[in-house]
Every structure is written in C-alpha cells, then in structure tokens.
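Each chain is listed here by its residues.
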Amino acid sequence: MDHRITRRTGLTATALAATTAAVGLPAAAFAAGDPAPYKRSPAAESARSAPSWRRGEPHRHPWDRRGSGKTLREAQPGAVSLDAETLEELPGIIRAGLEFDPPRFAGASVLIASQAGIALEHADGYALRWKDASEELPEDQRIPARTDTIYDLASISKIFTATAVMQLVEQGELALDDTVSSYLPRFAENGKGRVTVQQLLTHVGGLPAFINLYSAYPDVPSRLDAVLTVAPKTPAGTEYVYSDLGLITLGLVVEKLSGQTLDAYVREHITEPLGMHETMYNPPAELRDRIAATEYVEYYGYLVRGHVHDENAYSLGGVAGHAGVFSTARDLAVLGQMFLGGGRYGNARILKAETVQDMYTDRIAEITGVGGARRGLGPELEAWFYHAGLTSPYSGAHTGFTGTSLVIDPLTDTIVIMLANSVHPTREWSSTSATRREVSTCVAHALGLVPEGVRSGWRAGQEDGTTATLTAAVDLPTAGGAPELRLDLFSHLETAYDMLAVEASQDQGSTWIPLAGTLEAKHQESVAVPDGQITGWGRRQLWNGVFPLVDSSGSAGSGSDGPESGGSPVLSGEVQIRLAMTTDTATRGLGAWVGRIQVADGRDTLLDTDRAADREQIVADGWVDAG
C-alpha cells in the first residue's frame, strides 16, 4: 500500500488494541453516519401522482453562479429580505429543543445569512453539560455554548472531501467516470473494479453503509485495507446506500494524487484561501475549552471532547474523508457563501462556477425514483427531513451525525447553519432533525415564501401523521352546465409522502372521486393534475387551480344527466367539494395554503369565499382558518 495514504497521527495502534481488550463494545456505540431517516417507499399510486414541476423551472439554473465573489458581512434582517419579527422566533425554537425531554441537544449555535448578509447569530445551552451519560456537571463547571463555539462537523466533512475531489477533476488529475481502482488498485477486490469516482460521490457505488474499523482491526494500514477490499452490498449504479466507506476511499484518492495527507490538502487548498482559520482536523489542545463536548463513550471510558466523535475516523488518526472536520458557524458560513459565489469568495477562487453547478445537480433520480433521495457530487439535495420549508430541487448541502447541518438555498441566496452537540451525553437522545426542520421553516417564513394572497385563507399540513379536510357543499345545475372549482393555492409538500387531494362527492361524502385539473400561474408553464393529487415543492408559486366538476375517475353512478366533458359525466345536484391534506408520520414542508375558493358555472358564481356568507359555509376539520 502506498505510504502516502497510510500516514496518520493520533490514536496509536497499540493504545487502541489495549482499549479494545479492556472494554467491550456495545452495539449502540457503532457510528453509522447520518443518512436521512428511513421511510417506506411511497405507494405506487402516490409516486405516479406526483406532478412534474420541472417544466417551467427557472430559465437560468439556480446553481449557475457566476457571481462577484461576495464576502459575508453583518446586516439587518430587513436589508437582506428577511422579516425581523419572524426571525425573533428562532431563539424560542432552540430553547424548545433544549427543554425537550430528553433534550434534543445540549447546546447549539445558529447562523442565518441571506444575500451575503449575516442577519442572525444565536447560541444557547451548553458546550459542556454532562460528566458522563447519566450525571450532569455542577452548574459552575458547565460551559455555555457561544456563537464561536467549535463543533465536530461529523459528515459535513464529506463536503470538504467532495470539494477536494472536484478540484482535482478541474486540474485534470482524475475524471468522474474514472474507476476508483485505477488509482487505488486494492479497491478492485471483490468485484469493485468498475466502480467510478462519481458513483462514490453520489453513494451509488454499491458499498455498505458502515463497517467497524476501530475495534475489528489492529492498526491504520489494516483498517484502510478493510475499506478498500470491502465486499459490495449491491451492484454499482443500482441502489442508493449512504456510505461512509465511499468518502473514506475518496479521501485516499485525494491523498494519492496530491501527495499530501487529506488534512494538509484541505487546509492548503480550501480553508486557508477562504480565511477559515477556525476550521481544522484534530484541533490543538489549546482550543479544547472552546470545543463542544460530544458523547460519553463506554468503549473509550471517557467523554469525548477535543477529538473527532466518529470512532472510525478517530481510529484513522482523526483525519478521514467522511468525518473529522471541526469548525464554527461563522467559518462554515464562508464555505456556504463560496458555493453561492460560484466557487469564489472575495479574491479566493476555490472552484469554477460550472463545477459548483455540477456539484449541486442531482445525479441519482433515475435510481431512487419519485420521493427518493437526491444527490449531487457530494451535496445532499432536496432533503425534506432538514431543509423543510426551504426545500426545493436545488437546496443542499449536508448534515452531521453529531447534530450539525448546513442548508444552502440558491433560490434566495440563503444559508442556514445549525451546529449542535446532539450526542452529548449520548447518541440515544439525539433527535436534532425536528429542530433543524423548525429552524429552516422559520427562515422560509421570514423570507416570505408563502405568498400574501393565501395567508388569510386556510392552511394545513403543518403537523405529521394527520389528515385534514376542507369541505363545502354546492348545488350544481342539473343539465347543460360546465361547472368548475377554482382555487388560489400554494403547496409545498414532501414529495410523494404528503399529499393534497382535490375531491368531490355526490352521496353526502360516502364516496369521493378525484377531480382532475390544471394549475396556472403568471410566467409559468401550467401543471397538469390528472388525478387530483398535488405533492412536491410547487415551484414556490401562487397557483390558480382549475378543476372541472366532472367524474373523470371512471366510476359508475355519478348521477349526472348533464353533458359530458372530455368523455366524463358532469356532476350535478347537491355536490360536496373537499380538499384532503394528508401527511405521513415524519418530515414536512410549508404545507398547503388555500386562499379564495370559487365554484362557477360559466358566468354564474355558485360559491365564492370572498363573500362572507359563502366563507361561513366552509367546514374546516384540521385546517387553520386565518381569516
């Protein structure tokens, strides 16, 4: 094995072997990265029903970032298009996470920046609170979290590795479709000879998510060899499996081609040019008082603070492609702004603009399907489980198992950073994503993503695991009519998992039929809703929905004597109209918002919620009436 990819400092093989012999390894101590929470695949009919929002997307790709290389500055929220009053809710969101039982995290630092202006920095809780997994420190020994607290970024480190890989691609040192084994021959073991660099960047290389390196192997060379020779779980390019091993391997590729250790390469080519002086692997001892503690690990017999939490990364000397980077919220914001600047921050050019666009363009939709994971060349995209209200097909970037997250929204030039020590004192308490979602959604509201035109109407979809209905009864003409339902609608729903159904009933709600229709908006191509079901990000547009009141379901017994529309019988008589909003048990966006509701038959308006008497006829069960 090439000596340049095995040099490490930190925990020695002798010390690790002694610890292994002395202490048993509980199953809960295995670090398995930080993939999105497991969710069952959406039902086939739901997957088919997801409208296509791709037509009518921005004419210029949001990650076509040929900017001026703006640098961050402090700014008042209003100066960067953020509502100050809404942002004032963020401290309460963090406090609620701290007071949850058990706490979602011990301490947190939050930074919100938009249009290169830092509009909010906030810290709460403790960087150090616990002595071990069950005993708190006395109050006078605890260390409060601060805005400049240094956190273990965990898997956000993968973004640094991916950036390094893409720099080498730009330099012509490697290509995305090169086989990994052409640089690391041992990787060809167990039939992996055709796995490519791009497949590892996008987690479709077929590798398992995790193997135990730190106690199963005696030294760094044997651990790295285990990574390179691991047997695949699936054929390459057929399945998405979030894998630490792929990024460890890519870190070795960077070392092999650059002749530098990964930490030296990242420092010289990324963090130092960007002025990220508080971003590093293996922080020096003198910074320990500023570093957030992580977990009390029985395997080690002590509380981890000052070295990487991930056991595999620690066993590799604290430097690995999947974990190991420490940073502050301010420093991490610089990295985010570099991406928004098209690879440039001030005078520092880290990547070409076209490379940034490549990194933030999804590569795996054909593998994962509707509602599945989305990955660029390193960044995680469209991640509803923590992007929440800021989710779009273009939002990125990554989370970390320790409780950290970086969200970049190119549509509004916004960066949301939450650094937390959610594994302090134990990873079994960790539930940071609930707060991550609340933070991202608060910022989305501060940006005014919900259009003014629906805010005084009805809203639903803000709670998990619920079904909410909005119902109205209307008398339709018995013959000769062409009635239709019209809605002012905004929807931002987790694709294929949360669904708004537009329905009608002619038998007092015993049976419901879907209403096919069309969504229209200014300067947008229309969106067909062939089965009356709406899901996905909705292009962040206010839509005018038009749904002809016909039975297009193919069911018999509509009871209509009127003319047919497009081959479907027109509904008539007393009809109930219903909007049914269903959410699954976890993860959501901004929900569904309905403003004006009308039923018209030609020039005759049969229902109009702009009329007070008609509005009072709407029955809201689970929908919030903001009027």
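Values in this document were obtained by computation on a predicted structure and should not be read as measured data.

Calculation criteria
- Residues numbered from 1 in each chain as written.
- Predicted model: local features only at pLDDT ≥ 70, side-chain atom pairs only at ≥ 80, totals over all residues.
- Heavy atoms only, no water.
- Helix = DSSP H or I, 4+ residues; strand = E, 2+ residues; numbered from the N terminus.
- Rg over C-alpha atoms; globule rule 2.2 N^0.38 Å.
- Buried < 20%, exposed > 50% of the residue type's maximum accessible area, 1.4 Å probe, protein only.
- Contact = heavy atoms within 4.5 Å.
- Areas by Shrake-Rupley, 256 points an atom, 1.4 Å probe, with all protein chains shown as cover.
- Lys, Arg positive; Asp, Glu negative; His and termini not counted.
- Charge placed at Lys NZ, Arg CZ, Asp CG, Glu CD.
- Salt bridge = Lys/Arg side-chain N within 4 Å of Asp/Glu carboxyl O.
- Core = buried A, V, L, I, M, F, W, Y, C linked by side-chain atoms within 4.5 Å.
- Polar contact = N/O pair within 3.5 Å; in protein donor to acceptor, adjacent residues only side chain to side chain.
- Patch = residues over 30% accessible without salt bridge, like charges linked within 9 Å, V, L, I, M, F, W, Y side chains within 5 Å.
- Axes fitted to C-alpha atoms, helices over the stretch in contact; angles between N-to-C directions.
- Parallel < 35°, antiparallel > 145°, perpendicular 65-115°, else oblique.
- Nonpolar A, V, L, I, M, F, W, Y, C, P; charged D, E, K, R; others polar.
- 1 Å grid on protein atoms, 1.4 Å probe; cavity = no way out; pocket = protein on both sides within 12 Å on 5 of 7 lines; lining within 4 Å.
- Points joined across faces, edges and corners; volume = space filled by probe spheres on them.
- Expected span 1.5 Å × (residues − 1).
- Bend = angle between axes of the 7 residues up to and from the residue.
- Pairing = 2+ DSSP bridges.

So, on to the overall build of the protein. In terms of helices and strands, the protein carries 16 helices and 32 strands. On C-alpha atoms alone, the protein measures out to a radius of gyration of 27 Å, which is about the 25 Å that the 2.2 N^0.38 rule sets for 627 residues. Considering the protein as a whole, with its 627 residues, one finds that 58% of them fall into the buried category. Pairs at least 24 apart in sequence give 72% of the contacts found in the protein among residues at least 6 apart. When the accessible surface of the protein is split by element, carbon and sulfur atoms take 47% of a total near 23900 Å². Of the charged side chains in the protein, 52 are positive and 78 negative; the average position of the first set lies 6 Å away from that of the second.

Quick look at the pattern of salt bridges now. Under the criterion given, the structure shown has 29 salt bridges. Glu 438 serves as the salt-bridge partner of Arg 104, at 3.7 Å between the closest nitrogen and oxygen. With a gap of 334 residues between them, Arg 104 in the loop between α4 (90-99) and β2 (107-114) and Glu 438 in helix α15 (residues 432-446) connect regions that are remote in the sequence. Across the pair Glu 484 and Arg 486 runs a salt bridge whose closest N-O atoms are separated by 2.8 Å. Residue Arg 486 is classed as partly exposed on the basis of its relative accessible area of 27%. One salt-bridge network, in which partners are shared between bridges, spans Arg 129, Glu 136, Glu 139 and Arg 142.

Glycine aside, negative phi is the norm for most residues, and most peptide bonds take the trans geometry. The step from Asp 101 to Pro 102 runs through a cis peptide bond, and the omega angle for that step is -5°. Summarising the element assignment, Pro 102 is placed in the loop between α4 and β2. Each neighbour pair has its own omega, and for His 424 with Pro 425 the value is 10°, a cis peptide bond. Assignment of secondary structure puts Pro 425 in the loop between β16 (414-420) and α15. If you check the backbone angles, Gln 508 has positive phi at about 55° while not being a glycine. Summarising the element assignment, Gln 508 is placed in the loop between β20 (499-505) and β21 (513-514). Notably, His 523 is not glycine yet its phi reads approximately 60°, a positive angle. Within the fold, His 523 resides in the loop between β22 (517-520) and β23 (527-529).

In this section: the nonpolar core. Core analysis: the largest hydrophobic core is formed by 133 residues, its most contacted members being Phe 160, Leu 274, Leu 335, Phe 339, Leu 485 and Trp 623. Of the residues forming this core, the biggest block, eight residues, is contributed by helix α11 (residues 329-340). Each residue touching Leu 274, except ones within four places of it in the same chain, is listed here: Val 334, Leu 335, Met 338, Tyr 345, Ala 348 and Ile 350. Of all hydrophobic cores here, the second largest spans 34 residues; its members include Leu 390, Val 439, Leu 447 and Val 450.

The next thing to look at is the side chain of Glu 503. Assignment of secondary structure puts Glu 503 in strand β20. Take Glu 503: its relative accessible area is 15%, and that puts it in the buried class. A polar side-chain atom of Glu 503 sits 2.8 Å from a polar atom in the side chain of Arg 578. The contacts of Glu 503, once residues within four sequence positions are left out, are Trp 512, Ile 513, Pro 514, Leu 515, Gln 576, Ile 577, Arg 578 and Ala 580.

So, about a negative patch on the surface. A surface patch of like charges, here negative, comprises Asp 83, Glu 85, Glu 88 and Glu 89. When you line up the elements, Asp 83 lands in the loop between β1 (73-74) and α3 (84-87). We classify Asp 83 as partly exposed; its relative accessible area is 36%.

Time to look at the packing of helix α5 (residues 157-170) against helix α9 (residues 262-274). Between α5 and α9, whose axes approach to 10 Å, the crossing angle comes to 75°. As the angle between them shows, α5 and α9 are arranged roughly perpendicular. For the pair α5 and α9, the contacting residues are Phe 160, Thr 161, Thr 163, Ala 164, Gln 167 and Leu 168 in the first and Leu 262, Tyr 265, Val 266, His 269, Ile 270 and Thr 271 in the second. Tallied by class, the residues present in the contact of α5 with α9 amount to seven nonpolar, five polar and no charged.

This brings us to empty space enclosed by the protein. Under the definition given, this model contains five cavities of 30 Å³ or more. The space that makes up the second largest cavity amounts to roughly 60 Å³. For the lining of the second largest cavity, the elements supplying multiple residues, two or more each, are β18 (467-476), β19 (483-492) and β28 (573-582).

This brings us to α9. For α9, spanning 13 residues, the distance from its first C-alpha to its last is 17 Å, which sits close to the expected 18 Å at 1.5 Å a residue. At Glu 268, α9 shows its strongest bend, of approximately 40°. Residues of α9 that are buried make contact with α5, α8 (244-258), β6 (280-281), α11, β10 (344-345) and β11 (348-349). Within two residues after α9, Gly 275 carries a phi angle of roughly 70°, on the positive side.

A few words now on α5. In this model, α5 (14 residues) spans 20 Å end to end at C-alpha, consistent with the 20 Å of a helix rising 1.5 Å per residue. Counting buried residues along α5, twelve of its 14 residues qualify, which places the element largely inside the surrounding structure. Considered for burial, the residues of α5 that qualify are Ser 157, Lys 158, Ile 159, Phe 160, Thr 161, Ala 162, Thr 163, Ala 164, Val 165, Met 166, Gln 167 and Leu 168. Positive backbone phi, approximately 80°, marks Gly 172, located one or two places after α5.

The sheet built from three strands is open, its strands ordered β5-β9-β6 with antiparallel pairing. At either margin of the open sheet sits one strand with a lone partner, and together these are β5 (151-152) and β6. Where β6 and strand β9 (residues 325-327) come together, two bridges link them in antiparallel fashion. Looking at β9, one finds that Tyr 281 is bridged to Val 325.

Relative to strand β30 (residues 604-608), strand β29 (residues 591-601) runs antiparallel, the two sharing four bridges. Counterpart to Asp 601 in the pairing with β30 is Asp 604. From the end of β29 to the start of β30, which pair antiparallel, there are two residues, and Gly 602 there has a positive phi angle of about 65°.

A few words on the layout of surface pockets. In this structure, the largest pocket occupies an estimated 1100 Å³ of space. Surrounding the largest pocket, 42 residues form its lining, Thr 368, Gly 371, Gly 372, Ala 373 and Arg 374 being those nearest its centre. Grouping the constituent residues of the lining of the largest pocket by class yields 24 nonpolar, nine polar and nine charged.

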